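So you can see what is in the structure, the chains are spelled out below.
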Amino acid sequence: MTGTLATAAVVPGCTTDRATVPGPQEGPSAVPQPGVQVPEATGAATRFLNPDQYELLEAMAARLIPGDEDDPGAVQAGVVDYIDRLLATHEGYPQRTYTMGPFARGYEGDEEPPAEPGIVWVPADELDRYGWQAGQTPRELYRMGLARFQELVAARHGGASFVELSEDEQDALIEAIEDDEDDDVGEIFDPIPAGTFFELVHKHVVEGFLADPMYGGNRDMIGWRLIGFPGAQRAYSPEEMVDPDFSRPPQSLAMLPMLHGAHRGDTTALGSVRRRHPNGPID
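Notes on the structure in this doc start here. (Residues numbered from 1 in each chain as written. Predicted model: local features only at pLDDT ≥ 70, side-chain atom pairs only at ≥ 80, totals over all residues. Heavy atoms only, no water.)

## What to know about a nonpolar patch on the surface
On the surface, Val206, Leu210, Leu226, Ile227 and Phe229 cluster together into a nonpolar patch covering about 440 Å² of accessible area. Within the residue set of the nonpolar patch, elements represented by two or more residues are α6 (194-210) and α7 (222-227). With respect to the helices, strands and loops of the structure, leucine 226 is situated in helix α7. (Patch = residues over 30% accessible without salt bridge, like charges linked within 9 Å, V, L, I, M, F, W, Y side chains within 5 Å. Areas by Shrake-Rupley, 256 points an atom, 1.4 Å probe, with all protein chains shown as cover. Salt bridge = Lys/Arg side-chain N within 4 Å of Asp/Glu carboxyl O. Helix = DSSP H or I, 4+ residues; strand = E, 2+ residues; numbered from the N terminus.)

## What about helix α4 (residues 167-179)?
Here α4 spans 18 Å end to end across 13 residues, near enough to the 18 Å set by a 1.5 Å rise per residue. Every buried residue of α4 is accounted for by Gln170, Asp171, Leu173, Ile174, Ala176 and Ile177. Just beyond α4, the residue with positive phi is aspartate 180, at close to 55°. (Expected span 1.5 Å × (residues − 1). Buried < 20%, exposed > 50% of the residue type's maximum accessible area, 1.4 Å probe, protein only.)

## A closer look at the nonpolar core
One finds Met60, Phe149, Phe162 and Ile177 to be the most contacted residues of the largest nonpolar core, which totals 47 residues. Mapped by element, the contributors of at least two residues to this core are α1 (51-64), α2 (79-87), α3 (138-156), α4, α5 (183-189) and α6. Apart from residues lying up to four places away in sequence, isoleucine 177 is in contact with Met60, Phe149, Leu152, Val185, Phe189, Ala194, Gly195, Phe197 and Phe198. (Core = buried A, V, L, I, M, F, W, Y, C linked by side-chain atoms within 4.5 Å. Contact = heavy atoms within 4.5 Å.)

## Here's the deal with the packing of aromatic side chains
Counted by the stated rule, this structure contains five aromatic pairs. Between tryptophan 224 and phenylalanine 229, the aromatic rings sit 5.3 Å apart at their centres with planes inclined by 80°, giving edge-to-face as the arrangement. The exposure class assigned to tryptophan 224 is buried, which follows from its relative accessible area of 5%. A ring pair is formed by tyrosine 236 and phenylalanine 246, whose centres lie 6.1 Å apart and whose planes are at 90°; its orientation type is edge-to-face. Linking tyrosine 236 in the loop between α7 and α8 (238-242) with phenylalanine 246 in the loop between α8 and α9 (267-276), this pair joins segments that are 10 residues apart in sequence. For phenylalanine 246, a relative accessible area of 26% puts it in the partly exposed group. (Phe/Tyr/Trp six-rings, centres within 6.5 Å; stacked < 30°, edge-to-face > 60°.)

Given below as C-alpha cells:
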C-alpha cells in the first residue's frame, strides 16, 4: 500500500475559519535538546490525541507497517507517539503552512491550465516548495479525519469499531479511503478528501518509523536497524572508511557527545570527544 506525501495538499471547499475547530492546549516541547537522553516513548500519556484517537490511529498504523515482537513494525516502533508529539508541536507541521487561499496546485505538462478562482497553478514538480497548503492544519485534519473514518467503519460494519475488525476488514477500509472513490466514503468524509487524510497518516507513519528516535518514534531504532542505517555518526576514521566489514550500531542525535560543551563549562562532554578522535586529542 503506497501513498503520495501530503505536502502542499489542497483541500478545496474546506473552511479556513479555525474557530470552527477548537484547538488543543499547547503541551511541552516535543523536541528534546541535543545532549539529553533519548526519550522513552510509551504511549501511556498523550499530548494531543485522546485515548480513543490514539487507539484508532495505532490500529491503522499497524496495517500500514505490520509487525510483531519478532519482526517489529509501526506499533513496536512507537510511530503514534511520534505523531502525537508532532501534532502537539508547531501546529502539527514544522514547515511553512498556508491555511488561507489562494492555494498552489500542481499541473503536468508545459501548458498552464486556465485560471480558476482560489488556485495558483505551479508545475507539479515544484509543488513541494510551497509547503503545507490546505484549509485546515494537520491537527484539524486528524481530528476530523479520525472521526469520519470511525463513522465509515461503523456504517459498514454495524456499529463496530476499527480495532474489533479482522485484518482483512481493516485493510479494505484503509484501501477505501486511500482510493477515495466509493460514494459512502465521499459522503462521510465531506468536505475532506479521504485520500488527503490517508496521505497525511501514511506520511507521518513512515516518518515515525524512520525519523531520529529523539522525536518520539523509531523506538530502539527499529526502522534504522531494518534498513541498515547508522543514524547520527559524527565522523569515521580513515581505517573505518576502507574496512568493508566495518559497522557501528545506530545512534540517535541525542546520543552524540556535546562537541562544544567546553564553551558552556562542560569539560567532561568535550573530553569524551577528544578521547574518541581517531588521531588522538584535538587540543
